[in-house]
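Here is what each chain is made of, one letter per residue.
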Amino acid sequence: MAQVYDHGGGVYDHGGGVRSVQVPIPDNPLGHTLVYVVETDRGPVLVDTGWDDPDSWDTLAEGLTACGTGVGEIHGVVITHHHPDHHGLSGRVREASGAWIAMHAADSAIVRRTRETRAERWFTYMTAKLEAAGAPEEHVAPLRTARRGRLPGFSPALPDREIVPGELLDLPGRRLRAIWTPGHTPGHVCLHLEEEHPAELPGHGRLFSGDHLLPEITPHIGLYEDPDDATVTDPLGDYLDSLERIGRLAPAEVLPAHQHVFTDASARVEELLAHHEERLTDLRSLLAEPLTPWQLAERMEWNRPWEQIPYGSRNIAVSEAEAHLRRLVKLGRAEAVPGSEPVTYVAV
């Protein structure tokens, strides 16, 4: 692996005009988001910005100073995906610097919908979604009463530029190409720095992988659906297809948004493909009897027993179970039981 120089305070020099700042995520086991600082002929450009929190903002500002620049000097912000640990501070960066913010259109649509959605409508939607998934009344009940106030993360910054898959971003002096990698979110992008690796590692440039490809953990793959859109999505299928595309790219080094940089992307892709195939096989075995998405989530293997999973994380787990069910149905390995209410699924 290439030499990475530690400037202290979670600031690292990856060579070739690329640095990173570890921006903390409050109360989250991931710990931090790696915000990358890319030098261009018009000033530094950030890849992601971190969580919108005072300590996170201070850490980002101090890190940029350690990189030899400052928040006010930022020329642009490229967002891998809309999640708040990546996009949260984008608005503050733009206010401080006048920087543009770029995002894929599919995630921009989610940002726009989030800004326009009242909390009451979100709670109504989540209540109906969980009821349809077979959640017990004691889990759904709190959503019926939590109808007031503004939810955190419900005013993300609207991007002002669109990331177009396959095209080079407008970064003077750099060759950074967008690769659409849906799955973790509908508009997730990886960014391929089509330049020789500064340490001349074998492979094709460097890849800012966001959450798509991480060295030791698998990203959450759940359902992202517009309540007003009847399109039936297959996010896990999208993710697996996107993984194969990145594997064929064979970058010399991967610069992810969490954990640490790593090499041999192709091997990591193969590990993840095998992991998801094994998981689909295990879930199909569980569907020897008809199960609702909630019942399937209860029986799936997680990083802790189901009874220890917090309330909010159970909603995420059910969404992941639904994404796996969608994939099994599309592959012809499972089907919905006709007339079941709430709907159950069974292996075929």
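Below you will find a few notes about this structure.

Reading the values: rules and limits
- Residue positions are given per chain, counting from 1 as you read along its sequence in written order.
- Only residues with pLDDT of at least 70 are given local features in this predicted model, and only at 80 or more are side-chain atom pairs given and counted; all residues enter the totals for whole chains, interfaces and linings.
- Hydrogens and water are ignored here; the side-chain numbers use all heavy atoms of the structure.
- For every residue, the accessible area obtained with a 1.4 Å probe (protein chains only) is divided by the maximum for its type, and the residue is called buried under 20%, exposed over 50%, and partly exposed between those limits.
- Under the DSSP-based scheme used, a helix requires at least four consecutive residues in state H or I and a strand at least two consecutive residues in state E, with every element numbered from the N terminus.
- We treat two strands as partners when DSSP finds at least two bridges between them.
- Only Phe, Tyr and Trp rings take part, Trp by its six-membered ring, and two of them pair if their centres are within 6.5 Å. Stacked means planes under 30 degrees apart, edge-to-face means over 60, and tilted covers everything else.
- Working rule: Lys NZ or Arg CZ, within 6 Å of ring centre, within 35 degrees of ring normal, means a charge sits over the ring.
- Each reported salt bridge corresponds to a side-chain nitrogen of Lys or Arg within 4 Å of a carboxyl oxygen of Asp or Glu.

Describing the pairing of strand S10 (residues 189–193)
Piece 1. Within S10, five of the five residues are buried, which leaves the element mostly enclosed by the surrounding structure.
Piece 2. Every second residue of S10 is oriented toward a common face, with Val189, Leu191 and Leu193 on one face and Cys190 and His192 on the other, all of them buried.
Piece 3. Relative to S10, strand S9 (residues 176–180) runs antiparallel, the two being bridged by five bridges. From the neighbouring strand, Ile179 faces S10, where its bridge partner is Cys190.
Piece 4. Two elements, S10 and strand S11 (residues 206–210), share three bridges in a ladder whose sense is antiparallel. Its bridge partner being in S11, Leu193 is matched across the sheet by Arg206.

Details of the packing of aromatic side chains
Piece 1. Per the counting criterion, the structure on display carries three aromatic pairs.
Piece 2. Centroid distance Trp294 to Trp306: 5.4 Å. Interplanar angle 85°. Geometry classified as edge-to-face. With Trp294 in helix H9 (residues 293–299) and Trp306 in the loop between H9 and helix H10 (311–330), this residue pair connects regions lying 12 residues apart in the sequence. Across this residue pair, the class does not change: Trp294 and Trp306 are buried.
Piece 3. Across from the ring centre of Trp302, 4.8 Å away, lies the NZ or CZ of Arg279, which sits over that ring.

Focus: the pattern of salt bridges
Opposite charge on two side chains allows them to pair when their charged atoms are near.
Piece 1. Within this structure, the stated rule accounts for 17 salt bridges.
Piece 2. Close ionic contact of Arg94 with Asp160 constitutes a salt bridge, the shortest N to O distance being 2.6 Å. Of the two residues, Arg94 sits in helix H3 (residues 90–97) while Asp160 sits in the loop between helix H6 (137–145) and strand S8 (161–163), which places them 66 residues apart along the sequence.
Piece 3. Here Arg268 ties to Glu271 by a salt bridge, and the two come within 2.8 Å at their closest N and O atoms. Of this pair, Arg268 and Glu271 both sit in helix H8 (residues 265–286), three residues apart, roughly one helical turn.
Piece 4. A relative accessible area of 10% means that Arg268 is categorised as buried.
Piece 5. Classification of Glu271 by relative accessible area gives partly exposed; the value is 46%.
Piece 6. Each of Asp13, Arg19 and Glu39 takes part in one network of salt bridges that share partners.

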